[in-house]
Amino acid sequence: MDPMKLDRGTVGELVLVLAGVAFAVALFRTSYQQPTAPLAFSLDASSEGVTESWSGIYIGGEKIGTSVNRSAPRDDGGLVLQERTNLRLMLLGAPNEITLANDVHVTGDGRVEALRSQVRTTVQGVPVTLRAEGRPRGDRGMTLDLFQAGAKLTTMELDDVPATSATLYRAVLEGDPKAGDRFTLPYFNPLSLSNAEATVTVVGTESAVTPLGETIVATRLLVDNAGQQLDVLVAPDGRRLEEQEVGGGLGMRVVGETQDTALHRGWPLDAEDAVDLIALSSIPLDQRLPGGGRDVSRLVLKVDGPTAIDELLTRHHGDRWDRETKQLTLLRPRLDRAADYQLPSQDRATSPWLRSTTFIQSDDPRFVRKAGGILGDRLQATDAAMLLESWVHENLAKVPVAGVPSAKEILSSMRGDCNEHTTLYAALARSVGLPTKLAAGIVYSESIFADGAFYYHAWPEVWLGDEWVALDPTFGQSPADATHLKLVEGELDKQTELMAVIGRLRLSVVSVEE
């Protein structure tokens, strides 16, 4: 979501959805003309042997969704596991409905025989979907195919069969773990197309009461998922009884409930009373900045937060980050000092940022033609960067979207928020040989709170001969102002690093200059 121009089912997965930006609202869009049907349950809850459990999903005391899990034994002694999570979100006053689905087939000897995940949402009445299907590869690996609108996007080859939100806790409990035991498991998050590791520490066992009133001995786990800490209470069969963030964040909780409670109780009485998730994820500031932030050329901030923030700021800001004083200096680039050159770039060191990717399809002839029409014979890098920024800003409709889109999709729909602006810009720029990165972090805005705040945001960076220069086609800025605070760079698989800091940053102004 872009605040300026609008002037997993685990908690770990859901935080990505709820951040309200590309790295926070992690969904995938299909063709507007070819929506995919939702992934329906194949297990009937009334059938013999099928077990079912329900959960409510909350931010603070407000319910935003439900999750239901079903499992059934297979003839070979294995299991079929199915999970469906439904969310009702408000983003800057606009409702969004999201469904997450996981189906896993496990054989009697514990091997994952098949994995299917789907993310489906409705944006302004239009259903949009991405699907992943996995099958075994060799003794340990998995081949994962990704689809949009029935067409294959790409294939991923994974070295290990990953756990999903439907299988992670069952996998931990299989070995009869003891307090203090620690496990590191491969974990595939279908929301971010990323395969990482989840570290699970067994805290111990305790008495717990299930939603149906049964007293059981449950196991408490501490889960580290991409730097985000989760406190989880799990039943002996792997069912999640409760799960919540530790150490701040957005205050997400998943709580076991009866079906009636999950579906009918705890919801806001009026949709207008719902907490807006963009506002919730904002970072307040102790003073307003000149020109609503757009006129700032130099900004020094004191930054407090979790341990992960020091590593991120050191990586992306170097000696402009003083870890002793916790002060970060941000500067607006000077285009008049750029070391200009003729496109396409011949610098081999920047070739990774010219590549076409699954969602930035810069080798598609449509981008070459479109960028060529925009630029004409103006192929000096600085001129080209500014012309493309201006074209994207002026031609892409400013529409809030819960999605991480593909560039081809944006070129057809010509609408979106900061994620769409950044992705389309990257595809156009790369198509004519201008190296372009995707940056994600936070930016200052006064569009929601009159006193101003920082919000999660995305923007491109281009190589102008001797440095990377930030532009912002969402705000119409060449170069971007000094309130753009980069935390990560890369596509969604890299942006999951933001999970460790979302909802945990505190900022104050040391000095500011126009």
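Owing to the predicted nature of the structure, the values given are computational and were not obtained by experimental measurement.

J.: For the overall build of the chain, give the residues involved together with the corresponding values.
T.: Tallying secondary structure elements over the chain gives ten helices and 25 strands in all. Within the span of the chain, comprising 514 residues, buried residues form 56% of the whole. Carbon and sulfur atoms make up 47% of the accessible area of the chain, which amounts to about 20,500 Å² in all.

J.: So, unusual backbone geometry: which residues are in play, and what are the values?
T.: Most peptide bonds take the trans form, and the phi angle of most residues other than glycine is negative. A cis amide bond, omega 0°, links L343 with the succeeding residue P344. The omega torsion across S478 and P479 is 5°, close enough to zero to call that bond cis. Checked against the element boundaries, P479 lands in the loop between β23 (468–470) and β24 (485–489). You will see that M414, though not glycine, has its phi angle at about 55°, which is positive.

J.: How would you sum up helix α6 (residues 365–375)? Please name residues and give values.
T.: Three or more residues of α6 are buried, namely F367, A371, I374 and L375. Buried residues of α6 fall within an arc of 85° about the axis and therefore sit on the same side. In α6, the exposed residues that point more than 90 degrees away from the buried face are R369 and G373. Its buried side turned inward, α6 meets α7 (381–395), α8 (407–413) and α9 (418–431). At the N-terminal boundary of α6, the capping side chain belongs to D364, with an oxygen 2.8 Å from the backbone nitrogen of R366. Looking at the residues trailing α6, positive phi occurs at G376, about 60°.

J.: Requested: an account of the sheet that holds strand β25 (residues 506–513), with residues and values cited.
T.: Taking strand neighbours across the sheet as the criterion, the four strands line up as β17-β18-β16-β25 in an open arrangement whose pairing is antiparallel. Strand pairing shows two members of the sheet lacking a second neighbour, β17 (321–322) and β25, which therefore form its edges. Both β17 and strand β18 (residues 327–331) contribute to a ladder of two bridges, which runs antiparallel. Across the sheet, W321 pairs through a bridge with L328, a residue of β18.

J.: Outline the nonpolar core, listing residues and values.
T.: L301 and F454 are the most contacted members of the largest nonpolar core, which totals 41 residues. With sequence-adjacent residues up to four places away left out, L301 is seen in contact with L285, K326, Q327, L328, L330, F454, L485, S508, V509 and V510.

J.: Please set out the pattern of salt bridges residue by residue, giving values where relevant.
T.: Per the stated rule, a full pass over the model turns up 30 salt bridges. Residue R131 pairs with E133 through a salt bridge whose shortest N-O separation is 2.7 Å. When salt bridges with common partners are traced through the structure, they connect E206, R220, D231 and E242 into a single cluster.

J.: Describe the packing of α7 against α9, listing the residues and the values that go with them.
T.: Angle between the axes and distance between the axes: these two values describe a pair of packed helices. For the pair α7 and α9, interaxial distance at closest approach is 10 Å and the crossing angle is 140°. Taken together, the axes of α7 and α9 are oblique relative to one another. Helix-helix and strand crossings are classified by hand; for α7 and α9 the assignment is right-handed. Contact with α7, carried on its side by A385, L388, E389, W391 and V392, involves H421, L424, Y425, L428 and A429 of α9 and no other residues of that element. Residues of the contact of α7 with α9, tallied by class, amount to eight nonpolar, one polar and one charged.

J.: Account for the environment of A450, with residues named and values stated.
T.: If you trace the backbone, A450 turns up in the loop between β21 (436–445) and β22 (453–463). When the C-alpha atoms of A450 and G292 are compared, they prove to be 9.4 Å apart, with 158 residues separating the residues in sequence.

J.: Explain the confidence of the model for the chain to me, using residue names and the numbers behind them.
T.: On average, residues of the chain score 82 in pLDDT, and 82% of them are at 70 or above. Segment residues 1–38: pLDDT under 50, and 191 contacts once partners within four positions in sequence are set aside and those in other chains are kept.

J.: Describe a nonpolar patch on the surface, naming the residues involved and giving the relevant values.
T.: On the surface, a nonpolar cluster with roughly 210 Å² of combined accessible area is contributed by V203, L222 and V246. Among the secondary structure elements, V203 is positioned in strand β10 (residues 194–209).

J.: An account of α9 is requested, with residue identities and associated values reported.
T.: End to end, α9 covers 20 Å across 14 residues, agreeing with the expected 20 Å (1.5 Å per residue, within 8%). Of all the 14 residues making up α9, 14 are buried; the element is thus mostly covered by neighbouring parts of the structure. Following α9 by one or two positions, G433 has its phi on the positive side, about 85°.

J.: How would you summarise the packing of α6 against α7 if you had to cite specific residues and measurements?
T.: Where α6 meets α7, the axes come as close as 10 Å, and the angle between the chain directions of the two elements is 105°. In terms of axis orientation, α6 runs roughly perpendicular to α7. Residue-level inspection shows K370, A371, I374 and L375 of α6 in contact with α7, the latter providing A384, L387, L388 and W391. Partitioning the contact of α6 with α7 into residue classes produces seven nonpolar, no polar and one charged.

J.: Describe in detail the side chain of S71, supporting the description with residues and values.
T.: Note on placement: S71 falls in strand β2 (residues 62–73). A distance of 2.6 Å separates the side chain of S71 from the side chain of T51, its partner in a polar contact.

J.: Describe in detail the environment of S390, supporting the description with residues and values.
T.: As for its placement among the helices and strands, S390 is situated in helix α7. Note on S390: relative accessible area 26%, which makes it partly exposed. Separated by 35 residues in the primary sequence, S390 and Y425 have C-alpha atoms spaced 9.9 Å apart.

Conventions and cut-offs
Residues numbered from 1 in each chain as written. Predicted model: local features only at pLDDT ≥ 70, side-chain atom pairs only at ≥ 80, totals over all residues. Heavy atoms only, no water. Helix = DSSP H or I, 4+ residues; strand = E, 2+ residues; numbered from the N terminus. Buried < 20%, exposed > 50% of the residue type's maximum accessible area, 1.4 Å probe, protein only. Areas by Shrake-Rupley, 256 points an atom, 1.4 Å probe, with all protein chains shown as cover. Arc of directions from axis to C-beta. Contact = heavy atoms within 4.5 Å. Polar contact = N/O pair within 3.5 Å; in protein donor to acceptor, adjacent residues only side chain to side chain. Pairing = 2+ DSSP bridges. Core = buried A, V, L, I, M, F, W, Y, C linked by side-chain atoms within 4.5 Å. Salt bridge = Lys/Arg side-chain N within 4 Å of Asp/Glu carboxyl O. Axes fitted to C-alpha atoms, helices over the stretch in contact; angles between N-to-C directions. Parallel < 35°, antiparallel > 145°, perpendicular 65-115°, else oblique. Left-handed = near helix turned anticlockwise from the far one by under 90°. Nonpolar A, V, L, I, M, F, W, Y, C, P; charged D, E, K, R; others polar. pLDDT = per-residue confidence, 0-100. Patch = residues over 30% accessible without salt bridge, like charges linked within 9 Å, V, L, I, M, F, W, Y side chains within 5 Å. Expected span 1.5 Å × (residues − 1).

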